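Architecture at a glance
One letter stands for each residue in the lines below.
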Amino acid sequence: MPATFIQPEFRVKIDYDKCHKCGRCVQQCGWGVYDFNERPIPHDEKCRACHRCVTFCPAHCITIERNPLAYRDNDNWSASLRKAVWKQAETGGVLLTSMGNPQPYPRIFDHLLLDACQVTNPSIDPLREPMELRTYLGRKPDAVKVEPDGAGGFRLAEGGGMSRNVELATPIIFSPMSYGSVSLNVHKSLAMAAERCGILMNTGEGGLHEDLYPYQDHVIVQVASGRFGVGPDYLKRGAAIEIKIGQGAKPGIGGHLPGEKINKEVSSTRMIPQGTDAISPAPHHDIYSIEDLRQLIYALKEASGYKPVGVKIAAVHNVAAIASGIVRAGADYVYLDGFRGGTGAAPAVIRDHVGIPVEIAIAVVDQRLREEGIRNQASIVAAGSIRSSADVAKAIALGADVVAIGTAALIALGCHVCQSCHTGNCSWGITTQKPELTRRIDPEWGAERVSNLINAWSHELQEILGALGVNAIESLRGSRERLRSIGLDEQTSRILGVKPAGM
Amino acid sequence: MPIQVIEGYRQVEPARRTEGDAVVFDANGVYYQQLNDAIRAAVEAGAKRIVVENANGQRYIGAGLQAKDLTIEVRGTAGNDLAAFMDGPKVEVFGNAQDGVGNTMASGTVVVHGDAGDVLGYGMRGGRVFVRGDVGYRVGIHMKAYEGLVPIVVCGGKARDFFGEYMAGGMLVLLGMNTQFPDDPVAGGFLGTGMHGGVIYVRGAVEPWQCGKEVGVSEAEEADMAALTPVLDEYCASLGLDLAEVLSEPFTRIAPVSHRPYGKLYAYL
Amino acid sequence: MSVTRPRYAEEAPFKIHGGCGLAGICDESGATMSGEDIILAMAVQRDRGNGLGGGFAGYGIYPEFPDHFAFHMMYHDEQAREEAEVLLNEHCVVDLAEPMPTRPVKGISDAPLLWRYFLKPLPGELERLELSEEDLVVRLVMTINAAVDGAFVASSGKNMGVCKGVGFPEEIGHFYRLEEYEGHTWTGHNRFPTNTPGWWGGAHPFALLDWTIVHNGEISSYGINSRYLEQFGYKCTLGTDTEVAAYLFDLMLRRHGLPLELACKALAAPLWSEIDRMPEGERELMRSLRAVYGPAMLNGPFAIILGFNGGMVALNDRIKLRPLVAARSGSKVIVASEEAAIRAVAPEPDVVWMPKAGEPTVARVAGMPWPIHGDLHLTPAEISCAVVGVEDVCDEAVEVTA
């Protein structure tokens, strides 16, 4: 019998007439696709279509094609389902994958349209006139309390103002991606970009490497169930602290960073021995209910000198009630990760079938918090496939304060969304710890690319605000009146609080 | 006698009389259409000097008029869009002017002996606007020069935000002298924001926070003063002011750093 | 002509776009003037409207009833009047009820039934309901506007009233016989709605208690302003963006206890670049104010005049996208969209100026209290109950409790 029934997904085509026989493709490929025998010889079955070889081939003689192999038509038993069964029959394993849910569920952002001004109110020129994106992440009081200052004016009464908030120059931050799942150079790139753009990066659950200490005012330090690298020093360094309950790509599932990825640096950052598996339990074993969450939130506040503490959850069916509980438990922000959010590794069955879209989660959480009169008590961070500045604007109009981007930032660094992060062989040097691969990202180069992306999206947000005739992001936040739906069913539109186009 | 509805303006022809070479209209309570009709008729009949008395808010005085040696004197408060699209005449206001003075004006002169409002000189193509006192927001916005047409605006008082916004050509001058707001800075913020042509001169200094990111600020040099002095001379002569006093402080020159300030903003798909 | 919002619009709340003109006159000495001056100031600005809405607010106009709440009511028909009067009589003593004095005017047609009532809470009623009299009146106004089909409360304050309708302001003023009233403060409005037929209740000023607002421009942030207000129990039913401005003032002044000057700074917030340049104490105050009241910030072009028994405040948007001119003439402060309106009533004022963006122009009437309140009596839920008529909106509390 053959070792596998599964045929290669791609075909690597080399135009040998053009090929320089330089061997660069062999050197660049992290998957071991190429042998070299006077000329490169590809092994199609190893190809992930990551385009590293294509990009670096000096002769432009490589192309990757989809394997045209025909499967007997069957809409029910798709080729990918047949391959999944073969894979599991061969191995008995849980199918592991990475990146966000690629299945063809409706993409609600693509069914929402923004408004613009014509005549009765003016659009505002975003290049010449002020167009403010500054956002404060954290808890706001119900009202500002002032007292006379004795000179005819007023001053803040004791404790009457805004408590500790993190100032963001633009409402976009980086989502948590741990050192371990991504390389140190990726972490450095994100931290440097966060500092340059006046925003935040997020350690993820793998601790804070000392090379990032200079950027700590722009870092959210995460506390997850594995508690890797968590200590008082870590908590005190961050601009804010985040309790990770769940992740959009794998709600209810823990994590597992294999021992071979725990090299010396990862080991010291996570504070675990080299070569041991880093296992994140599915739940926090000190949080079995909402009052336990409150206990942990305040433990972190006490330990850190009352830094803002946020809570990240996956968007699941009852997200509004859960978020309300989180806010009442004292969280300064609620991070909602939609079902299309990315991951470094997740069971495909969970990634592809669990959770709800972030658009819905934002809408119901924002509305619920308003109905309960506690919307001001916490910021909403929305993530889970924010793909463009248009998605940012729509998420904010639905009610988010801030969005977090992970995949988009990695794409800026070279990621081609080949969905193979879990292999640790990323040819682009992103989701790997192999030194010959991680050195492919120079942090300075990476920081510039990611900063460019944030700046470009921020400019585009300003263009959108200007067209909407408002000059501050808070006037778009939660302003669903500026959205219309197209091609959404009535019930979904109602849940989103958005009227259909034409109304 | 039954009480009548109070009217702001009546749709009647203005009373007309002549005084020497001037045709004088009494605008008191007259709607702008009848007033401007009367002015146009007088111009067509060959009048070279027209006086509008008791003006109070009538819009569009001098708007669209094309004539070379015509003078219109407005006594009172000139309404919105004074001298809009005007090409040639001189309009002199003894009083204040409201918003939109010299809107897209082509040529001619406007002299305002009082203050003027917002959006003065929007898209102005040529001619001169001289204001004795303060002006409002967005003054000199998108003035532009083309070949022989070079618009000039001189404001004697202070200006609010967005002075010279999008400015593409011509000369904008701000003196900060005859003002109701002695404690305020000479201009507001966003001075010259989006400026990509022309020049702004401010008497005295400006702070960096006031200026748009597209401009460079320097002391006015000899060449600047050579261009500015005849303009100020004409300004002072028009308003009966002392040129020496105006020139007693150094001027600041504000000019665009680039003719294409947004060249790097876009990436082509 | 409809009293309440046009029927076709009721399915989906929307806002009415419009440009407008406005004016306000306040004699700070407390001396009174007839309604003729404010009519003239508006008549000069006739071209700023299109005849689909005009209105006035007068303060100090009912000296014979200084302690009664004066309700100016608009009714579709007699049935609406009967239903509304049941509600008025339920908690209040009505000491005088009469049709508004009006006269026929060419150009004004289809006027609704216009009545006015001078009322006080029933003895013991405030104690029984544990409400302040202002909160009782707010509840009554919200209930009538939301629950009685074809009835609309045009104003509900003490010793003041709003007279408004569909027509040019000078016609409306003539219709309501405003020359027969004497007040120390007057505001006026000329409306240019662009996407809906005018309706009587939708004309300005918009009023709650003695607060009135006239407004020129459009509030582009209406969507979030109204959602913010809903959190506090205000239900935006009128479909005009002016309504949110009135409720926001009520919220910040009466319920949050903010001084008027700071409420203005929250509504027309300074730019962050300006805040960053302020001295530390002021910077922290403004930063908090802006961050906390971000959803209340009125974004987009506007000029508004807020009237109340103690005087008036005129305010422009934060980057001055609508015109506003102010003047002082003797003890009078006059504001308008155009200088000509000021000079029509005060030809040679002592000083005329254009207020800065976001900087309130204030007129205080001597001897009248300045509006800093701050006692919150009604909870948002209670107001919601009053408005939507449900038993307890808080039943659906958090499900995630331990």
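1. What to know about the overall build of chain B
- Assigned secondary structure in chain B consists of three helices and 12 strands.
- In terms of C-alpha radius of gyration, chain B reaches 20 Å, essentially the compact-globule figure of 18 Å for 269 residues.
- With the principal axes as the frame, chain B shows a C-alpha extent of 65 × 55 × 40 Å.
- Counting every position in chain B, which comprises 269 residues, the buried fraction comes to 57%.
- A fraction of 43% describes how many contacts in chain B between residues 6 or more apart in sequence connect residues 24 or more apart.
- By element, 51% of the accessible surface of chain B is carried by carbon and sulfur atoms, the whole surface being about 11500 Å².
- Here chain B holds 22 positive side-chain charges and 33 negative ones, and the gap between their average locations is 5 Å.

2. Some words on the interface of chain C and chain A
- Counting residues at the interface gives 47 residues for chain C and 55 residues for chain A.
- Between chain C and chain A the total buried area reaches about 4000 Å² when both faces are included, carbon and sulfur atoms providing 57% of it.
- Where Asp276 of chain C meets Arg134 of chain A, a salt bridge forms, and the shortest distance between an N and an O atom there is 2.4 Å.
- The tally of links from chain C across to chain A stands at 20 residue pairs in polar contact (both at pLDDT 80 or more).
- Those elements giving two or more residues to the side of chain C that touches chain A turn out to be helix H6 (222–231), helix H8 (260–267), helix H9 (272–277) and helix H10 (280–292) of chain C.
- It is H10 of chain C that contributes the most residues to the side of chain C that touches chain A, eight residues altogether.

3. Side note on the interface of chain B and chain C
- Across the contact, 30 residues belong to chain B and 31 residues belong to chain C.
- Roughly 2400 Å² of surface becomes buried between chain B and chain C when both sides are summed, with 53% attributable to carbon and sulfur atoms.
- Broken down residue by residue, the surface that chain B buries against chain C is led by Val5, Ile6 and Tyr137 of chain B, which jointly contribute 22%.
- The interface formed by chain B and chain C contains three salt bridges.

4. Side note on the pairing of strand S17 (residues 309–314) of chain A
All names here are of chain A.
- Most of S17 is tucked away, with six of its six residues classed as buried.
- Burial along S17 is two-sided: Val309, Val311 and Ile313 facing one way and Gly310, Lys312 and Ala314 facing the other are all buried.
- Note: strand S14 (residues 240–244) against S17, four bridges, orientation parallel. Each residue of the ladder has a partner; that of Ile243, found in S17, is Val311.
- Sheet analysis places S17 next to strand S18 (residues 333–337), joined by five bridges and oriented parallel.

5. Comments concerning the sheet that holds strand S13 (residues 219–223) of chain A
- Spatially, S11-S21-S20-S18-S17-S14-S13-S12 (chain A) is the arrangement adopted by the eight strands of the open sheet, whose pairing is parallel. Every other strand in the sheet has two partners, leaving strand S11 (172–174) and strand S12 (201–202) of chain A as the edge strands with one partner each.

6. Thoughts on the domain arrangement of chain A
Residue and element names in this part refer to chain A.
- We note that the domain assignment places domain 1 (10–93) and domain 2 (154–500) within chain A.
- On a C-alpha basis, the centres of domain 1 and domain 2 stand 33 Å from each other.
- Domain 1 puts 12 residues into the contact, and the matching count from domain 2 is 10 residues.
- Between domain 1 and domain 2, the buried area comes to about 950 Å², and carbon and sulfur atoms account for 54% of it.

7. Details of the side chain of His284 of chain A
All names here are of chain A.
- Counting through the fold element by element, His284 comes out in the loop between strand S16 (278–280) and helix H7 (290–304).
- In terms of polar contacts, His284 uses its side chain to reach the side chain of Arg227, at 2.8 Å.
- Those residues in contact with His284, other than ones at most four positions away along the chain, are Val223, Ala224, Ser225, Arg227, Ile243, Lys244, Ile245 and Leu296.

Cut-off values and rules
Residues numbered from 1 in each chain as written. Chains lettered and ligands numbered in written order. Predicted model: local features only at pLDDT ≥ 70, side-chain atom pairs only at ≥ 80, totals over all residues. Heavy atoms only, no water. Helix = DSSP H or I, 4+ residues; strand = E, 2+ residues; numbered from the N terminus. Rg over C-alpha atoms; globule rule 2.2 N^0.38 Å. Buried < 20%, exposed > 50% of the residue type's maximum accessible area, 1.4 Å probe, protein only. Contact = heavy atoms within 4.5 Å. Areas by Shrake-Rupley, 256 points an atom, 1.4 Å probe, with all protein chains shown as cover. Lys, Arg positive; Asp, Glu negative; His and termini not counted. Charge placed at Lys NZ, Arg CZ, Asp CG, Glu CD. Buried area = accessible area lost by both parts, 1.4 Å probe. Salt bridge = Lys/Arg side-chain N within 4 Å of Asp/Glu carboxyl O. Polar contact = N/O pair within 3.5 Å; in protein donor to acceptor, adjacent residues only side chain to side chain. Pairing = 2+ DSSP bridges. Domains from an automatic or database assignment.

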